[in-house]
Amino acid sequence: MYRIIPLIISCSFICFSVRAQKKNDAYQLQIRKAVSPIKIDGVIDEAAWLQADIATGFHMVLPMDTSAARLRTDVRMTYDDKNLYLVVENYTVGNGPYMVESLRRDFAFLKNDNFLLFMDPFDDQTNGFSFGANAAGAQWDGLMYDGGKVDLSWDNKWTSVVKNYPDKWVFEAVIPFKTIRYKKGITKWGINFSRNDLKTTEKSAWAPVPRQFPTASLAYTGNLVWDAAPPPAGANVSLIPYVLGGMLKDYDKATPTKYRRDAGLDAKVAVTSSLNLDLTVNPDFSQVDVDKQVTNLDRFELFYPEKRQFFLENGDQMSNFGYATIRPFFSRRIGLGGVPIRFGARLSGKLNKDWRLGIMNMETGKQEETGLPAQNFTVAALQRRVFSRSNIGFIFINKESVNYDPSKVTDKPLYNRYNRNMGLEYNLASSNNFWTGKAMLLKSYTPNKTGHDIAHAANLQYTSKEWNIGWQHEYVGRNYNAEVGYVPRQGYIKIAPQVTRLFFPLSGSVLSHGPQVTSTWFFDEANMHRTDNETMLNYGIVFRKRNTLNVWASNTYIKLLQPFDPTNTGKDSLVNGSRHNWNTIGADYVSKPQSLFTYSLSARYGGYYADGSRLMTNTELGYRFQPYVSIALSANYNNINLPKPWGNNSFWLVGPRLDVTMTNTLFFTGFMQYNGQQKNMNLNTRFQWRYRPASDLFIVYTDNYLPEPFYVRNRALVLKLVYWLNL
């Protein structure tokens with residue numbers, strides 16, 4: 001098993017040691033400097049547009065990738081000394097309204113008629129930017145990473161307009177050069193354009209993309225060829241101050257109302273056109289979306305994604321190092337749970353086409369009630385591109401308790417004086433994206449913890465139109481410790497193969513169908529004795545209207561390595577070493593996205609711990625009064641039958657949500673969650689007014705209740721004003 005990592009690396013070096021030419025290198029759009037001023041109004045009447053080259057003749061990606069797109073899409077681009085301009089004519093067929101969710105930015109791609117731009121300014125087929133809009137004018141923007149993923153939490157300054165015509169909708173945008181990062185002097189950028197039309201269920205792209213990959217895949221971009229090197233962005237310093245006022249009342253503790261008066265500052269400094277310095281002093285994240293709760297029946301810590309803006313730009317180099325359950329760095333370890341962040345700095349971006357850098361330092365204040373000392377966090381990541389699309393990465397993480405001596409603590413919990421992690425990983429991506437993989441090695445350093453303190457993992461995956469075949473293995477030593485990471489389990493070896501086969505009928509309502517087999521095995525690190533395994537057989541069907549159906553069956557075996565309460569309610573625990581085995585069947589259905597009323601249904605039934613049984617149903621309902629109002633309701637029900645002392649347990653988790661988008665700059669969200677397992681009910685409402693690009697006014701109100709008997713636990717109100725100032 002320990003020989004698999006070098007074997008995978010050796011094979012990947014042999015197979016992909018040549019920098020292959022980009023697949024769509026022949027697709028080129030010439031971009032020339034504008035010959036006239038441009039007004040962003042959705043009207044193509046300026047001389048600059050009439051003289052610009054046109055990218056047209058899109059290729060169908062879905063339902064099939066073997067023909068030209070049925071819908072015509074024409075794209076023009078130009079620029080001046082300060083801005084990049086884009087205008088798109090999205091031609092349609094038939095009558096009737098366009099299909100969109102709402103005017104909220106960063107919409108779901110497959111649920112909207114939309115156009116997206118994917119831009120690779122370094123032409124390295126790995127990182128870039130994405131901009132776009134749906135047919136109602138809602139904006140989309142995000143950072144691209146890992147060759148085809150988009151982080152929509154990134155938010156920056158740019159302006160766009162959508163104008164509807166009888167036979168088309170026009171999207172026009174201006175993107176300041178200061179908003180993006182690019183290397184001075186490069187005259188060829190990777191670029192692709194993507195169109196989604198729900199009425200015809202067609203997804204298309206200018207440069208063709210195989211249907212098994214997202215149209216965001218940077219391996220399949222064409223080229224944006226400049227008539228001259230793009231102009232330098234010039235001095236680029238942005239100050240983003242905020243002021244905040246609010247109040248908090250804790251009814252549980254019967255404390256007096258606390259009033260908040262606060263201020264802070266973020267700053268963005270372009271060190272070069274491709275390297276950015278971010279600074280923050282006393283940051284506040286009160287406007288961030290609340291986490292969606294889940295019924296917790298897991299033996300290990302649950303994962304919740306990062307949503308705070310400061311940690312997201314170029315954050316993939318740090319946060320995506322490793323695997324889903326072996327993350328040496330997890331930014332949510334910093335500054336949550338009432339721990340204040342005092343200040344922070346991050347230097348990130350590209351040094352050149354091959355080298356990428358990320359360095360972050362943050363300091364948090366101490367917490368008197370828990371004895372948590374002030375702490376300093378340092379993360380450094382360096383990445384070097386190799387071959388056409390692969391890279392080698394290094395990471396170093398240090399968490400240091402400031403002015404803290406554990407030997408002098410007698411009445412509060414002890415914390416480690418420091419915790420450090422170092423790691424290397426090799427990310428494989430073939431030039432056509434059919435082969436992907438990763439090999440990783442990590443070591444931790446913690447006082448009084450030595451030996452068995454490494455983690456390593458490797459995977460290799462082959463993805464074609466018909467086949468998806470993958471292998472992954474992991475090893476985490478029992479003393480491996482990532483206090484600033486997410487590693488919920490230690491002391492194990494894991495093996496996880498999977499195979500999927502798809503079939504494509506030539507006609508009928510089914511677009512594709514096929515089986516998938518996955519198997520996951522856990523062994524203890526000492527003697528390779530099996531502790532867990534789950535084998536699942538799934539059969540999936542994708543219909544031409546984009547509704548989907550999956551039916552599955554699984555077998556689960558678990559040997560408990562520590563006492564565990566199977567209801568997570570504190571009633572009692574199953575003993576360490578007890579063995580449990582059961583079978584489960586399930587089905588999942590997602591309706592077609594074209595309907596105003598959408599829904600998804602999931603159900604599973606089978607055994608559970610201690611020869612018990614578990615029934616789970618999950619429902620997601622949605623209705624939209626497009627484009628202004630979207631109503632959603634999620635309802636999850638678990639019924640668990642166990643021997644005494646647990647008996648019969650029923651848990652409801654219900655979450656109605658209301659989104660009102662009065663314009664594409666004025667939003668209201670109301671989200672209530674009732675969690676029967678935790679016996680808690682929470683209400684979060686947020687009003688947002690984007691009164692100018694990237695500048696916002698937020699009003700956030702939260703209420704927390706004990707549902708039985710109905711009792712207010714705490715409530716808070718925050719008013720926050722953010723202003724983006726370019727110097």
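Source: prediction; values computed, not measured.

### Quick look at the environment of Phe-377
(1) Moving on: Looking at the element boundaries, Phe-377 is found in strand 19 (residues 375-386).
(2) Moving on: The spacing of Phe-377 and Phe-300 is 77 residues in sequence and 25 Å in space, taken between C-alpha atoms.
(3) Moving on: For Phe-377, the contacting residues outside a window of four places in its chain are Arg-333, Ile-334, Met-360, Asn-361, Met-362, Thr-364, Asn-398, Lys-399 and Val-484.

### Here's the deal with the nonpolar core
(1) Moving on: Among the nonpolar cores identified, the biggest contains 41 residues, and Met-77, Leu-84, Phe-115, Phe-171 and Phe-193 are the most heavily contacted of them.
(2) Moving on: Contributions of two or more residues to this core are made by strand 1 (28-33), strand 3 (73-79), strand 4 (83-91), strand 5 (114-120), strand 6 (128-134), strand 10 (168-176), strand 11 (188-197) and strand 13 (222-226).
(3) Moving on: In this structure, Ile-326, Met-440, Ala-482 and Val-487 belong to the second largest nonpolar core, which totals 27 residues.

### Quick word on the pairing of strand 35 (residues 680-692)
Two faces belong to every sheet, and in a regular strand the side chains alternate between them.
(1) Moving on: Of the pairings in the sheet, the one linking strand 34 (residues 666-675) to strand 35 comprises 10 bridges and is antiparallel in character. Residue Phe-671 lies in a different strand from strand 35, and its bridge partner there is Asn-684.
(2) Moving on: In this structure, strand 35 lies alongside strand 36 (residues 695-706), joined through 10 bridges in antiparallel fashion. Bridged to Gln-688 within strand 36 is Phe-698.
(3) Moving on: Between strand 35 and the antiparallel strand that follows it, strand 36, lie 2 residues; Ala-694 among them carries a positive phi value of about 65 degrees.

### As for the pattern of salt bridges
(1) Moving on: Counted under the stated rule, the structure contains 43 salt bridges.
(2) Moving on: In this structure, Asp-53 engages Arg-32 in a salt bridge whose closest nitrogen and oxygen atoms are separated by 2.6 Å. With Asp-53 in the loop between helix 2 (47-50) and strand 2 (59-62) and Arg-32 in strand 1, this pair connects stretches of sequence that are 21 residues apart.
(3) Moving on: According to the relative accessible area criterion, Asp-53 is partly exposed, its value standing at 26%.

### Observations concerning the side chain of Asn-376
(1) Moving on: Residue position: Asn-376 is located in strand 19.
(2) Moving on: For Asn-376, a relative accessible area of 15% translates into the label buried.
(3) Moving on: A distance of 3.0 Å separates polar atoms of two side chains, one belonging to Asn-376 and the other to Asn-361.
(4) Moving on: Once residues lying within four places of it in the same chain are set aside, the contact partners of Asn-376 are Asn-361, Met-362, Glu-363, Asn-398, Lys-399, Glu-400 and Val-402.

### Observations concerning the confidence of the model for the chain
(1) Moving on: With 97% of its residues at a pLDDT of at least 70, the chain reaches an overall mean of 91.
(2) Moving on: When the criterion is pLDDT under 50, residues 1-19 qualifies, and its contacts beyond four places in sequence or with other chains add up to 34 contacts.

### Here's the deal with the packing of aromatic side chains
(1) Moving on: Counted under the stated rule, the structure contains 34 aromatic pairs.
(2) Moving on: Summarising the aromatic geometry, the rings of Phe-131 and Trp-158 are spaced 5.2 Å apart at their centres and angled 75 degrees between planes, so their arrangement reads as edge-to-face. Pair noted here: Phe-131 is in strand 6 and Trp-158 is in the loop between strand 8 (149-151) and strand 9 (159-164), with a separation of 27 residues, a long-range link.
(3) Moving on: When its relative accessible area of 4% is taken as the criterion, Trp-158 is described as buried.
(4) Moving on: Cluster of aromatic residues (ring-pair linked, three or more members): Tyr-27, Phe-115, Phe-171, Phe-193 and Trp-206.
(5) Moving on: Sitting above the plane of the Phe-310 ring, Arg-346 keeps its charged end 4.8 Å from the centroid.
(6) Moving on: Taking NZ or CZ as reference, Arg-420 lies 4.1 Å from the ring centre of Tyr-418, over its face.

### Structural notes on the side chain of Asn-618
(1) Moving on: Relative to the helices and strands, Asn-618 is located in strand 31 (residues 613-625).
(2) Moving on: Residue contacts for Asn-618: discarding those within four places in its chain leaves Ser-600, Leu-601, Ser-602, Ala-635 and Asn-636.

### With respect to the pairing of strand 6
(1) Moving on: With 7 of 7 residues buried, strand 6 lies mostly within the body of the structure.
(2) Moving on: Of the two faces of strand 6, the one carrying Gly-128, Ser-130, Gly-132 and Asn-134 and the one carrying Phe-129, Phe-131 and Ala-133 are both buried.
(3) Moving on: In the sheet, strand 5 pairs with strand 6 via 6 bridges, with the strands oriented antiparallel. Residue pairing in the sheet places Leu-116 in a bridge with Gly-132 of strand 6.
(4) Moving on: Between the antiparallel neighbours strand 6 and strand 7 (residues 139-145) lie 4 residues, among them Gly-137 with a positive phi of about 105 degrees.

### Topic: unusual backbone geometry
Glycine aside, negative phi is the norm for most residues, and most peptide bonds take the trans geometry.
(1) Moving on: With an omega dihedral of 5 degrees, the bond running from Leu-62 to Pro-63 counts as a cis peptide bond.
(2) Moving on: Take Pro-63: it is sitting in the loop between strand 2 and strand 3.
(3) Moving on: The peptide bond linking Gln-626 to Pro-627 adopts the cis configuration, its omega dihedral lying at 0 degrees.
(4) Moving on: Of note, Pro-627 is situated in the loop between strand 31 and strand 32 (629-641).
(5) Moving on: Residues other than glycine seldom take positive phi values, yet Asp-123 does so here, at roughly 50 degrees.

Thresholds applied
Residues numbered from 1 in each chain as written. Predicted model: local features only at pLDDT ≥ 70, side-chain atom pairs only at ≥ 80, totals over all residues. Heavy atoms only, no water. Helix = DSSP H or I, 4+ residues; strand = E, 2+ residues; numbered from the N terminus. Contact = heavy atoms within 4.5 Å. Core = buried A, V, L, I, M, F, W, Y, C linked by side-chain atoms within 4.5 Å. Buried < 20%, exposed > 50% of the residue type's maximum accessible area, 1.4 Å probe, protein only. Pairing = 2+ DSSP bridges. Salt bridge = Lys/Arg side-chain N within 4 Å of Asp/Glu carboxyl O. Polar contact = N/O pair within 3.5 Å; in protein donor to acceptor, adjacent residues only side chain to side chain. pLDDT = per-residue confidence, 0-100. Phe/Tyr/Trp six-rings, centres within 6.5 Å; stacked < 30°, edge-to-face > 60°. Lys NZ or Arg CZ within 6 Å of the ring centre and 35° of its normal.

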